[in-house]
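Next come the chains, spelled out residue by residue.
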Amino acid sequence: DAKTTQPNSMESNEEEPVHLPCNHSTISGTDYIHWYRQLPSQGPEYVIHGLTSNVNNRMASLAIAEDRKSSTLILHRATLRDAAVYYCILRDVNQGGKLIFGQGTELSVKP
Amino acid sequence: DTGVSQDPRHKITKRGQNVTFRCDPISEHNRLYWYRQTLGQGPEFLTYFQNEAQLEKSRLLSDRFSAERPKGSFSTLEIQRTEQGDSAMYLCASSEMSDYTEAFFGQGTRLTVV
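What comes next concerns the included structure.

So, how was this worked out
Residues numbered from 1 in each chain as written. Chains lettered and ligands numbered in written order. Predicted model: local features only at pLDDT ≥ 70, side-chain atom pairs only at ≥ 80, totals over all residues. Heavy atoms only, no water. Helix = DSSP H or I, 4+ residues; strand = E, 2+ residues; numbered from the N terminus. Rg over C-alpha atoms; globule rule 2.2 N^0.38 Å. Buried < 20%, exposed > 50% of the residue type's maximum accessible area, 1.4 Å probe, protein only. Contact = heavy atoms within 4.5 Å. Areas by Shrake-Rupley, 256 points an atom, 1.4 Å probe, with all protein chains shown as cover. Lys, Arg positive; Asp, Glu negative; His and termini not counted. Charge placed at Lys NZ, Arg CZ, Asp CG, Glu CD. Phe/Tyr/Trp six-rings, centres within 6.5 Å; stacked < 30°, edge-to-face > 60°. Lys NZ or Arg CZ within 6 Å of the ring centre and 35° of its normal.

**A few points about the overall build of chain A**
The secondary structure content of chain A amounts to zero helices and nine strands. Listed N to C, the secondary structure of chain A is β-β-β-β-β-β-β-β-β in terms of helices and strands. Taken against the 2.2 N^0.38 rule, which gives 13 Å for 111 residues, the C-alpha radius of gyration of chain A at 13 Å falls within 12% of a compact globule. Overall, chain A is about 40 × 30 × 25 Å in size when its C-alpha atoms are taken along their principal axes. For chain A, the residues scored as buried account for 46% of the 111 residues in total. Long-range pairs, those at least 24 residues apart, make up 56% of the contacts in chain A between residues at least 6 apart in sequence.

Structure below.
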C-alpha cells in the first residue's frame, strides 16, 4: 500500500490560511490523492481529491506537485470548526478503492 | 438519503460475548468498507464488499470477525468471543463503483469490552 507522510500537528490562527503538507514519494500512476478530516467523535469526512491538476471546491484547494510526489491542502480562511485531524490518503483504483489512513495531521485553530 | 448510518452508536459488552454491528450505506453505493479505529490512531482497513461479494479482508480480521452484505444492501460485522483488545470505534463507509469519487463514512459504533 502506498504511504503518505504528514506532520503530526500544526497550529493556525483563525481567519488565516493554512497549508497542510503531504509527501507521497511512492505514488503510482493510478493513485488518486484524497484528503479527509475527522472531528472528535465523528467519522471521517471527505474534503477533496485530485489526480494531477490542482483542484478547488467549497471546502478547500488541493495543490499537487508536478511530479505528484507531494501535495498541499489549503484552507483559505481557517475557522474554529476546521480544528480536526486531516488525513492525506492515496486511493488506488486497482485496489478496490480502499482508503489506507496514516496518522494524519492534527490541526488546532486559535481564536 | 441521510448518508451512511450505523447501529448501535455505542455498545458495552462483557468479555467473551458476541456482538453484531449494522451498517446501512448510501443507497446505490456498490462498495462498502469496514474500518476499526483505536484512540489516537487513524482508521485501519478491515474489509470491503462490492455489492454482495466480500473482495478483500485485512490480516487484522481474525477468525473471530465475520462480515456479511446479503443482497448487496446493508452489512453486518460480527465479533465472536470479544476480547478487551477489540475495544475500538468501528467505522463503515460506502462509495460508488467508480474510483473517481469519494467515500462517505458513518458516525461509527463505539465498542467497549469490559
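**Observations regarding the overall build of chain B**
For chain B, the count of helices and strands is zero helices and 11 strands. Helices (α) and strands (β) of chain B occur, in sequence order from the N terminus, as β-β-β-β-β-β-β-β-β-β-β. Against the compact-globule benchmark of 13 Å for 114 residues, chain B has a radius of gyration of 13 Å, which places it among compact chains. With the C-alpha coordinates aligned to their principal axes, the bounding extent of chain B is approximately 40 × 25 × 25 Å. For chain B, the residues scored as buried account for 46% of the 114 residues in total. A fraction of 53% describes how many contacts in chain B between residues 6 or more apart in sequence connect residues 24 or more apart. Accessible area for chain B stands at about 5800 Å²; split by element, carbon and sulfur atoms hold 45% of it. Positive and negative side-chain charges of chain B, numbering 14 and 15 respectively, have mean locations separated by a distance of 9 Å.

**Structural notes on the packing of aromatic side chains**
For the coordinates displayed, the defined rule picks out 11 aromatic pairs over all chains. Ring pairing ties together the aromatic residues Tyr36, Tyr46, Tyr87 and Phe101 of chain A together with Tyr33, Tyr35, Phe45, Tyr48 and Phe105 of chain B, which thus form one cluster. Above the face of the phenylalanine 74 of chain B ring, arginine 22 of chain B is positioned so that its terminal group lies 3.9 Å from the ring centre.

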